[in-house]
Amino acid sequence: MKTGYLVCDAMTQRPISVEHDASIVECSRLMEKNHVSSLIVKKANRLAGLLTEKDIVRKVVSKGIEPGKIIAADIMEKKFPTIRPEKDISEAIMIMRDKNVRHLPVMNRKTMVGFLTGKDILKLQPHLFEILADKIELREWERKAGLNE
């Protein structure tokens, strides 16, 4: 289902980033200040990982770990799907749906050129977001029914 919209049409060109050694407290404050739910984690000015609110809650807060003692590199996701800027936005939606992610670094070879989120897609074409919403609803129904345990 080609849309005619490219990833580069919707992506954020200057995503909020943090150094790999930033404390989780610093990261949380940066997320709050910029009204974002994820950060790009960099090391030596290169993409090293992704850090999301979900990571902070599941890997730090829920375990009772002091956030000031943990750095981004300790809990960031190091393996994640990416997409190229010239791909159709429908391909990004399918990756997000199939991999159960809400964020995709946009890569031109080994260089990050942008960041694509569900919000970016929603801003571009609200009806495209329905594909992601349907997958979330199905996953929630399966969880409640105990089908994916």
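Each remark here, short or long, concerns the structure printed above.
Cut-offs applied
- Residues numbered from 1 in each chain as written.
- Predicted model: local features only at pLDDT ≥ 70, side-chain atom pairs only at ≥ 80, totals over all residues.
- Heavy atoms only, no water.
- Core = buried A, V, L, I, M, F, W, Y, C linked by side-chain atoms within 4.5 Å.
- Buried < 20%, exposed > 50% of the residue type's maximum accessible area, 1.4 Å probe, protein only.
- Helix = DSSP H or I, 4+ residues; strand = E, 2+ residues; numbered from the N terminus.
- Contact = heavy atoms within 4.5 Å.
- Polar contact = N/O pair within 3.5 Å; in protein donor to acceptor, adjacent residues only side chain to side chain.
- Pairing = 2+ DSSP bridges.
- Salt bridge = Lys/Arg side-chain N within 4 Å of Asp/Glu carboxyl O.
- Arc of directions from axis to C-beta.

Novice: I tried to follow the nonpolar core on my own but got confused; where do I start?
Specialist: For soluble globular proteins, nonpolar side chains are generally found buried alongside one another. If you look at the biggest cluster of nonpolar residues, it comprises 15 residues, and the most contacted ones within it are Ile-24, Cys-27, Leu-51 and Ile-75. Listed by contribution, the elements that provide at least two residues to this core are helix H2 (24–34), strand E2 (38–43) and helix H4 (72–75). If we ignore the near neighbours within four places in the chain, the residues touching Ile-75 are Ile-24, Leu-51, Asp-55, Ile-56, Lys-59, Val-60 and Ile-70. Counting residues in hydrophobic clusters, the runner-up holds 13 residues, among them Val-7, Ala-92, Met-96 and Leu-104.

Novice: What am I meant to see in the side chain of Asp-88 here?
Specialist: Note that Asp-88 resides in the loop between H4 and helix H5 (89–99). Accessibility expressed as a relative area gives 7% for Asp-88, which makes it buried. Within polar-contact distance, the side chain of Asp-88 engages the backbone nitrogen of Gly-4 at 3.0 Å.

Novice: How should I be thinking about the side chain of Ser-38 in this particular structure?
Specialist: Along the chain, the position of Ser-38 falls in strand E2. Separated by 3.3 Å, the side chains of Ser-38 and His-103 make a polar contact. Setting aside anything within four residues of it in sequence, one finds Ser-38 in contact with Met-31, Leu-51, Thr-52, His-103 and Phe-115.

Novice: Which parts of the structure should I look at to understand H5?
Specialist: Given 3.6 residues per turn, any residue in an α-helix points the same way as the ones three and four places further on. Among all positions in H5, only Ile-89, Ser-90, Ala-92, Ile-93, Ile-95 and Met-96 are buried. Phi for Asn-100, located one or two positions after H5, is positive at around 55°.

Novice: Would you mind showing me how to read the pairing of strand E3 (residues 46–52) here?
Specialist: A regular strand places its side chains so that they alternate between the two faces of the sheet. Note that E2 and E3 share six bridges and pair antiparallel. Following the sheet pairing, Ile-40 is matched in E3 by Leu-50. A loop of two residues connects E2 with E3, the two strands running antiparallel in sequence, and Ala-44 in this loop sits at a positive phi of about 55°.

Novice: In this structure, what is going on with the pattern of salt bridges? I would like to understand it.
Specialist: Should the charged atoms of two oppositely charged side chains come close, the side chains can pair. Scanning the entire structure with this criterion turns up four salt bridges. A salt bridge links Arg-84 to Glu-86; the shortest N-O distance between them is 2.7 Å. With relative accessibility at 32%, the residue Arg-84 sits in the partly exposed group. Here the salt bridges do not stand alone but share partners, grouping Asp-55, Lys-59 and Glu-77 into one network.

Novice: So what exactly am I meant to see when it comes to H2 here?
Specialist: If you check which residues of H2 are buried, you get Ile-24, Cys-27 and Met-31. In a view along the axis of H2, the buried residues occupy a sector of 60°, so they form one face of it. Away from the buried face of H2 by more than 90 degrees, exposed residues Arg-29, Glu-32 and Lys-33 are located. Where H2 ends, the next residue or the one after it, His-35, has phi of about 55°, a positive value.

Geometric descriptors of this kind do not, in isolation, establish any biological role.
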